[in-house]
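The chain contents come next:
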Amino acid sequence: MASGVAAWLPFARAAAIGWMPVANCPMPIAPRDNSKRQDELIILNVSGRRFQTWRTTLDRYPDTLLGSSEKDFFYNEESKEYFFDRDPDAFRSILNFYRTGKLHYPRHECISAYDEELTFFGIIPEIIGDCCYEEYKDRKRENLERLQDDQEENKDQKLPNMNFRETMWRAFENPHTSTMALVFYYVTGFFIAISVITNVVETVPCGSTANQKDMPCGERYTVAFFCMDTACVMIFTVEYLLRLFAAPSRYRFMRSVMSIIDVVAILPYYIGLVMTNNEDVSGAFVTLRVFRVFRIFKFSRHSQGLRILGYTLKSCASELGFLLFSLTMAIIIFATVMFYAEKGSSSSKFTSIPASFWYTIVTMTTLGYGDMVPKTIAGKIFGSICSLSGVLVIALPVPVIVSNFSRIYHQNQRADKRRAQKKARLARIRISKSSSANAFIQSKRNGLLNELLELTAKEEDEQKLAKSISLLESQHHHLLQCLEKTTSLPLDSNHHPVFSSLQAHEFVDEQVYEQNCLERALQTYASRSPSISSHDSSEGTCCGRRGKRNTPLPNASLPSSHQGPLQELSAIHIQCGDPPSRTASRSNLNLKTDNSGRINCKGGRITTAIISLPTPPALTPDGDGLHGPPQRRPPPPPSHPPTPSIQTTASSACTNIVKVSAL
Amino acid sequence: MDAKRVETISARVDAAVSSPDSVEDELELSAVRHRPEGLEQLEAQTRFSRKELQILYRGFKNECPSGVVNEETFKDIYSQFFPQGDASTYAHFLFNAFDTDHNGSVSFEDFVMGLSILLRGTIQEKLNWAFNLYDINKDGYITKEEMLDIMKAIYDMMGKCTYPVLKEETPRQHVEVFFQKMDKNKDGVVTIDEFIDCCQNDENIMRSMHLFENVL
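Fair warning: this is a prediction, and the values are worked out from it, not measured in the lab.

Turning to the overall build of chain A, a few remarks are in order. Broken down by element type, chain A carries 24 helices and six strands. Of all 663 residues assigned to chain A, the portion counted as buried reaches 38%. Taking as baseline every contact in chain A between residues at least 6 positions apart, the subset at least 24 positions apart corresponds to 68%. Carbon and sulfur atoms make up 62% of the accessible area of chain A, which amounts to about 37600 Å² in all.

Written out as structure tokens, the structure reads:
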């Protein structure tokens, strides 16, 4: 029952009295409406704009947020209204839905924003009215395609654990991913061009020799052309076989259009090899050579425009079909007419209706070769009608095809443009967000300096340094500090820290961290400097260890604009490090305290994930899943053979990342 | 209803002057709006309080912004309550029962007067109303054919999926039972007095008449 007519339920019930005299048995008891509330006005305050409506209006749809008791969560006692911190403009259409029973999609609204609002208020988008549903669906589809494009773009990134076959396939499909792929791409393109040019030049007359007349180059320099052809075919065969090997689904690959073109391009050569120079079959053999021209279609792998054209033709198949059909009809009609019109005239070229087909086609497409011309007056009249109608029939479906092509082409252009813009956008976002990360470091620094100043009791400076840091920021910083404190090492019974380190792990920013790692790496073993290079694959946070707490950071002038591969900072990814530093620490157990600061330089990370390290520093994997406070395992004694058991992929690292939603 | 103010836009006047055109007729019909009498008058004529009238009118106007219900809309609205069957025939009879001045549309006054009788009226009035419903041609007698029509309409609302399965002759049998009960002098028709008498003597019917009193 549509809730809109809920208002008429009292009427329907009242009208039921009409059944009573007819009924033979007693009626069931009517349900009592005990919670009989007088209809009251409800105030909905959406981001300051007040909407008012009757309670019964909202009650019409009890499975939405506003119609159910869920809205009680948003009730504000002091102002006696329901407060929603959402977009008031979008709320208008939502409230209108309750009032009129129809949900409309405002065209100026962004589709994802609108979707979010609908989800928030518990309204399914399928009930959008017919007037707006098409628009909604179109825009949603557009948005989805855009997202898919972006996702496909991301797929290009190298998954570290792809085997050889997958790498090859990726190289084939996206030539810009590696240099080898690019080289391969250009080489094959070059050879396709060579092959096509060879085929063309083969037939050019090459000048006569002494004893023979003009002959095409192909027959004159047979060996040379044969060698060229062989070389090209070999390259194509190798390419085809490689693709076949690398394809994730070989059956599907073999069925795809491009592979069929490949096969058709190289098959004539092999057939020609197999066939002898028989008189009977040489005719067929020559015909086969025609198929060599299909090599030119191989260019469609190299040219996107060509692919778009092919796709357009495929998508306009119905229009093309219509064009063909109507043309055929018209041709037959006019050919018949012309034949009978010209039958009378002598020496007429219109010997039969099929013979007139040629005239009709040439005339309708406005070619007008002039090899067949009507001579009788009737013939000329019908001939002119034929040419006029030809223009019309052809002109009709062509704009449809053109507009299709244009749409698809522009879509493609937009996709490319988006991809190009995306990189720049992400870079800029990264820069702006990394500054907030550095803010924490800054504030710590300020805190340290504050402490110093407290010692020296210079109040004015203190106040200068105590920047107006917002409450949110200070809470966040406090959180990070707690984290740092949490990762302090346990002390052994003699109150010596196990790692002979004295203080908790701290966050430092990238530059210092890298420096630390570098120094460590250089100190301990020159051969291994895994940590820095491995960080490309890991999404690093800034962390590290430093020396004593009370000393200011050695590089106090840390540029805040420096950013590492910090990704989205709305969620700080805190990862577990299985640091090479452990190896270092093993050999550095007796280091002095300030050097020991380098221990576990990935220390600030909680053990939540295993980072993929190309040169595993041979330690037991750290976190298996999400731990709370990180468990610092004491390092295995040096006598243990290193267990290179760290295996991971970035994908698993991704799933194990703890997202600390920053603010 | 006396002073019904039917308001149209000036297109109506123009339409009367110019030659009748189908397009203009449509314009005229769609421009008809109806405004009910004042709240006080309705309060006097019906047994509803002000607040109740307000609630009723808001619901009514929400569904029919033009202020009148024509038969199609009426059938639509009523059918929504009985999705499994075909309520259009019964809705037709109901429409005629509500449309007391037989002008083809149910205005708010008609609606509210009918509801007043059904929900707040005396037993006599309710029974009168029911009789009026059954008497399709409003001649004061309920014949077997009329009753059969009504019965079929009611059974139609049940739809096909019933248990036990509805048979062809069920409405007819039901009519026979009804007439046996109501038709005292066995003359083949039921008059209003027979009807009221018989219903007042039937306990079930009496009890069920009070069933919907607290609807509003």
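So, next bit.
Attention shifts here to the sheet that holds strand β1 (residues 41-46) of chain A. Residues and elements named next belong to chain A. If you walk across this open sheet you meet the four strands as β2-β1-β4-β3, and the pairing is mixed. The open sheet has two free edges, formed respectively by β2 (49-54) and β3 (75-76), since each of these has just one partner strand. Relative to strand β4 (residues 81-84), β1 is paired through three bridges, and the arrangement is parallel. Residue Asn 45 lies in a different strand from β4, and its bridge partner there is Phe 83. Most of the contacts of helix α3 (residues 88-100) go to β2, to which it runs at about 5 degrees, and overall it touches β1 and β2.

This next bit is on the UniProt feature "domain: EF-hand" (unreviewed entry) in chain B. Residues and elements named next belong to chain B. The UniProt feature table records "domain: EF-hand" (unreviewed entry) at residues 86-121, 122-157 and 170-205. Taken end to end, residues 122-157 has its terminal C-alpha atoms 28 Å apart, with 72% of it in helix and 8% in strand. For residues 170-205, the end-to-end C-alpha separation is 21 Å, with 72% helix and 8% strand making up the annotated structure.

Turning our eyes to something else, we now look at the interface of chain A and chain B. On the chain B side, the residues contacting the 35 residues of chain A number 48 residues. When chain A packs against chain B, close to 3500 Å² is buried across both sides, 70% of that on carbon and sulfur atoms. At the boundary of chain A and chain B, one finds zero salt bridges. For the interface between chain A and chain B, the tally reads one residue pair in polar contact (both at pLDDT 80 or more). A per-element tally of the side of chain A that touches chain B places helix α1 (residues 9-15) of chain A first, with seven residues. Across the side of chain A that touches chain B, the residue classes break down as 25 nonpolar, four polar and six charged.

Here we come to the pattern of salt bridges. All names here are of chain B. If you walk through the whole model with that rule in mind, you get 23 salt bridges over all chains. Its salt-bridge partner being Glu 43, residue Arg 50 comes within 3.7 Å of it at the nearest N-O pair. Assessed through its relative accessible area of 38%, Arg 50 is described here as partly exposed. Given a relative accessible area of 31%, Glu 43 falls into the partly exposed group. A salt bridge links Arg 120 to Glu 52, with the shortest nitrogen-to-oxygen separation between them at 3.0 Å. With a gap of 68 residues between them, Arg 120 in helix α7 (residues 108-120) and Glu 52 in helix α4 (residues 50-63) connect regions that are remote in the sequence. Accessibility expressed as a relative area gives 18% for Glu 52, which makes it buried.

Residues and elements named next belong to chain A. Spanning 26 residues, helix α14 (residues 317-342) covers 37 Å between terminal C-alpha atoms, matching the ideal 38 Å at 1.5 Å per step. Among all positions of α14, only Leu 323, Ser 326, Leu 327, Ala 330, Ile 331, Phe 334, Ala 335, Met 338, Phe 339, Ala 341 and Glu 342 are buried. Residues of α14 that are buried in the fold lie against α15 (353-364) and α16 (377-395).

A few words now on unusual backbone geometry. Its identity as a non-glycine residue notwithstanding, Thr 366 of chain A has a phi of 55 degrees, on the positive side. A relative accessible area of 52% places Thr 366 of chain A in the exposed class. With a phi close to 55 degrees, Lys 138 of chain B is a non-glycine residue in the positive phi region. With respect to the element layout, Lys 138 of chain B can be found in the loop between α8 (123-134) and β5 (141-143).

All names here are of chain A. As for its position among the elements, Glu 342 is in helix α14. With no salt bridge to any partner, buried Glu 342 finds its closest opposite charge in Lys 375, at an N-O distance of 6.0 Å. Beyond its immediate chain neighbours, meaning those up to four positions away, Glu 342 contacts Ser 348, Phe 350, Val 373, Pro 374, Lys 375, Thr 376 and Gly 379.

Right, let's talk about the nonpolar core for a bit. Of all hydrophobic cores here, the largest spans 67 residues; its most connected members are Tyr 78, Leu 94, Met 147 and Phe 195 of chain B. For Phe 195 of chain B, the contacting residues outside a window of four places in its chain are Pro 21 of chain A together with Leu 127, Ala 130, Phe 131, Tyr 134, Phe 178, Met 182 and Val 190 of chain B. Of all hydrophobic cores here, the second largest spans 25 residues; its members include Val 46, Phe 97, Ile 123 and Tyr 136 of chain A.

Now for the confidence of the model for chain A. Residues and elements named next belong to chain A. With 62% of its residues at a pLDDT of 70 or more, chain A shows a mean pLDDT of 71. Low confidence marks residues 495-504, where pLDDT is under 50. Its contacts with residues over four positions away, or in another chain, come to 29 contacts. In the predicted structure, residues 525-663 sits below a pLDDT of 50 and forms 288 contacts with residues beyond four places in sequence or in another chain.

Residues and elements named next belong to chain A. Strand direction decides the pairing type here: β1 and β2, joined by six bridges, are antiparallel. The residue bridging Asn 45 from the neighbouring strand is Arg 50, located in β2. Count of turn residues in the β1/β2 antiparallel hairpin: two residues, of which Ser 47 carries a positive phi of about 50 degrees.

Turning our attention to the packing of helix α5 (residues 71-79) of chain B against helix α6 (residues 88-98) of chain B. Residue and element names in this part refer to chain B. Closest axis-to-axis distance for the α5/α6 pair is 9 Å, and the angle between their directions is 125 degrees. It follows that α5 is oblique to α6 by the angle criterion. Here α5 runs over α6; the crossing is right-handed. Contact residues: Glu 71, Phe 74, Lys 75, Tyr 78 and Ser 79 in α5; Ser 88, Tyr 90, Ala 91, His 92, Leu 94, Phe 95 and Phe 98 in α6. Residues that form the contact of α5 with α6 fall into these classes: seven nonpolar, three polar and two charged.

Residues and elements named next belong to chain B. Contact geometry for α8 and helix α11 (residues 192-201): axes closest at 10 Å, N-to-C directions at 130 degrees. Our classification of the angle between α8 and α11 gives oblique. The hand of the α8/α11 crossing is right-handed. Here Gln 124, Leu 127, Asn 128, Ala 130, Phe 131 and Tyr 134 of α8 come into contact with α11, specifically with Ile 192, Phe 195, Ile 196, Cys 199 and Gln 200. Residue composition of the contact of α8 with α11, by class: eight nonpolar, three polar and no charged.

Attention now goes to the packing of aromatic side chains. A full pass over the atoms with the stated rule returns 41 aromatic pairs over all chains. A centroid spacing of 5.2 Å and a plane angle of 70 degrees characterise the contact between Phe 350 of chain A and Tyr 359 of chain A, whose relative ring orientation is edge-to-face. Of the two residues, Phe 350 of chain A and Tyr 359 of chain A, neither departs from the other in class, the shared state being buried. For the ring pair Tyr 78 of chain B and Tyr 90 of chain B, a centre distance of 6.1 Å and an interplane angle of 35 degrees mean the geometry is tilted. Residue Tyr 78 of chain B is located in helix α5, and its partner Tyr 90 of chain B is located in helix α6; the two are separated by twelve residues in the primary sequence. With relative accessibility at 1%, the residue Tyr 78 of chain B sits in the buried group. What makes Tyr 90 of chain B buried here is its relative accessible area of 0%.

Conventions used here
- Residues numbered from 1 in each chain as written.
- Chains lettered and ligands numbered in written order.
- Predicted model: local features only at pLDDT ≥ 70, side-chain atom pairs only at ≥ 80, totals over all residues.
- Heavy atoms only, no water.
- Helix = DSSP H or I, 4+ residues; strand = E, 2+ residues; numbered from the N terminus.
- Buried < 20%, exposed > 50% of the residue type's maximum accessible area, 1.4 Å probe, protein only.
- Contact = heavy atoms within 4.5 Å.
- Areas by Shrake-Rupley, 256 points an atom, 1.4 Å probe, with all protein chains shown as cover.
- Pairing = 2+ DSSP bridges.
- Axes fitted to C-alpha atoms, helices over the stretch in contact; angles between N-to-C directions.
- UniProt positions renumbered as here; feature names shortened; annotations may be inferred.
- Buried area = accessible area lost by both parts, 1.4 Å probe.
- Salt bridge = Lys/Arg side-chain N within 4 Å of Asp/Glu carboxyl O.
- Polar contact = N/O pair within 3.5 Å; in protein donor to acceptor, adjacent residues only side chain to side chain.
- Nonpolar A, V, L, I, M, F, W, Y, C, P; charged D, E, K, R; others polar.
- Expected span 1.5 Å × (residues − 1).
- Lys, Arg positive; Asp, Glu negative; His and termini not counted.
- Core = buried A, V, L, I, M, F, W, Y, C linked by side-chain atoms within 4.5 Å.
- pLDDT = per-residue confidence, 0-100.
- Parallel < 35°, antiparallel > 145°, perpendicular 65-115°, else oblique.
- Left-handed = near helix turned anticlockwise from the far one by under 90°.
- Phe/Tyr/Trp six-rings, centres within 6.5 Å; stacked < 30°, edge-to-face > 60°.

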